[in-house]
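Chain by chain, the residues run as shown.
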Amino acid sequence: MQTSRKEIYSYVATLFTGFTKNIYRISIPETLGSNAISNGFMVLRMGDVNDFSEISLETYGQLRMYVEFYTPSTDTQTANGIMDTQKFEAAQAAIDNIIKAESEKQNQVYTISRDSILSSDDFFTNKTNSFFVYITSFLITI
Amino acid sequence: MTATKKTTLKPIKLEYRAVGSIDSVEYTPVMGLLNDFAVAQDSPDETNIDAQFYDSPFDILYTGKPIKLTFTLVNYALADLPPLFGGTYTPATATAQEIYLGATTAFASEWEWKVTYQKGNAGMILYRGKTLGVLKQENKGALGYGVTITSLVAGSDTDDTADDKMYAILGDPKTGV
C-alpha cells in the first residue's frame, strides 16, 4: 500500500493540472495571485486514511478526497455576489468529467470511486473578491 | 523463574506449514487479511445425568468443541491459492493470461497454523487446522476468501492420548544456554 499523503496529493493534483494551474493543497492561501482571482482556483483536502487490514497495511485502505473549485463571481470589484453561472457550470462539468474518466480506468496507482452524493456548494470572500465554490469528493482506494 | 502475566493482542503475522513439521520447517505467511480475524471456541455440549428425587443432576457430561479461526483473505497472489483452496494455477504465457481455476467441489486442506502477536504472549499454534475457504465479496468490499480453520487433534505416533495436541500458546522465547 502506498500511503504517503504527499504522493496522493500529487496524484490528484496531476489529474487537474490540465484544467487549472491554481491548485492549492490543504487550505486556501492568504494571498491569492491575480490569475486565481480572475480565473478561479482549486483547493484539495484529504481525509484520514482508513486501513482495512488485520495485519497493518497488508490489504487496502481508503480515504476521501475533497475537491473544491472557487469560481469568481461576475463582478469581483464590488463583490456583489452574483454567480457567473456559465463559468461555474463549465468548471463543475470539467471536474466531474476528469473524475469520471479516472474512475473508469483499471489498475492505476490509486483507484478512484466516483460518487456524487457528497457534492455541494458554498460561498467565499477574499478581500473584495467573491467566489462561488463547487465542492465534490471521491473515494481513493490505495 | 515465575511466569509473568500478559495481555495478548494485535496479530501481526498469520502463517502455515505442513501438519507435524519439525521445528526447522519454515512457515508460509498469509498476510492480506481484512480486519475481521477472529478466534472462537463454542461452549461444550452438556448432557445431564438426571436424578429422580433432586432438582440438580447427579453429574454433567461435557463434549468439547473445536477452536475456529476465521478471517477474510483479500490480498493474495493467485499462485498462493491452490495449496489452501485447491484448484489449479497457470502463470501468464506469451499467448495466455494468468489464470487460477478454482476447485469445482468443496476443498479442505490440513495445515499447522500459527498466529504471532505484537504484544503479550508471542503467539498461538493450531497443530492441525482443517482449512476451508469460500469465495466472498461483501458490499463494496474486496474479492477474497472467507476462511474457516477448525482445529483437529494432531495425533502422535504413540498410543498415549497425552501426547496428542490441539493448540498451544507460545510465551517467552527460549533463554538459551
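For the structure itself, consult the block above.
Reference entry: report on the structure contained in this document. (Residues numbered from 1 in each chain as written. Chains lettered and ligands numbered in written order. Predicted model: local features only at pLDDT ≥ 70, side-chain atom pairs only at ≥ 80, totals over all residues.)

1. Let's talk about the overall build of chain A
Going by this rule: By definition, any uninterrupted DSSP run of H or I lasting at least four residues is a helix, any uninterrupted run of E lasting at least two residues is a strand, and each is numbered from the N terminus. Exposure is read from a count of other C-beta atoms within 10 Å of each residue's own; the residue is exposed at 12 or fewer, buried at 20 or more and partly exposed in between. C-beta atoms are placed from the backbone.
A tally of regular secondary structure across chain A gives three helices and seven strands. Reading chain A from its N end, one meets helices and strands in the order α-β-α-β-β-β-α-β-β-β. When its C-alpha atoms are laid out on the principal axes, chain A stretches across 55 × 30 × 25 Å. The buried share among the 142 residues of chain A stands at 24%.

2. Some points on the overall build of chain B
So the rule is basically this: With the radius of gyration taken over C-alpha atoms, the globule rule is written as 2.2 Å times the number of residues to the power 0.38. Any pair of residues counts as being in contact when their C-beta atoms, constructed from backbone geometry, are within 7 Å of one another.
Across its full length, chain B carries one helix and 13 strands. Going from the N terminus to the C terminus, chain B shows its helices and strands as β-β-β-β-β-β-β-α-β-β-β-β-β-β. Computed over its C-alpha atoms, the radius of gyration of chain B comes to 21 Å, more than 25% above the 16 Å expected for a compact globule of 177 residues. In terms of principal-axis extent, the alpha carbons of chain B reach across some 80 × 50 × 40 Å. Taken over 177 residues, chain B has a buried fraction of 18%. Expressed as a percentage of contacts within chain B between residues at least 6 apart in sequence, the contacts between residues at least 24 apart total 50%.

3. Section: unusual backbone geometry
Residue and element names in this part refer to chain A. Even without glycine at this site, L57 takes up a positive phi of about 60°. Unusually for a residue other than glycine, N107 sits at a positive phi of about 50°. Secondary-structure assignment places N107 in the loop between α3 (85–103) and β5 (111–114). Assessed through the 5 C-beta atoms surrounding it within 10 Å, N107 is described here as exposed.

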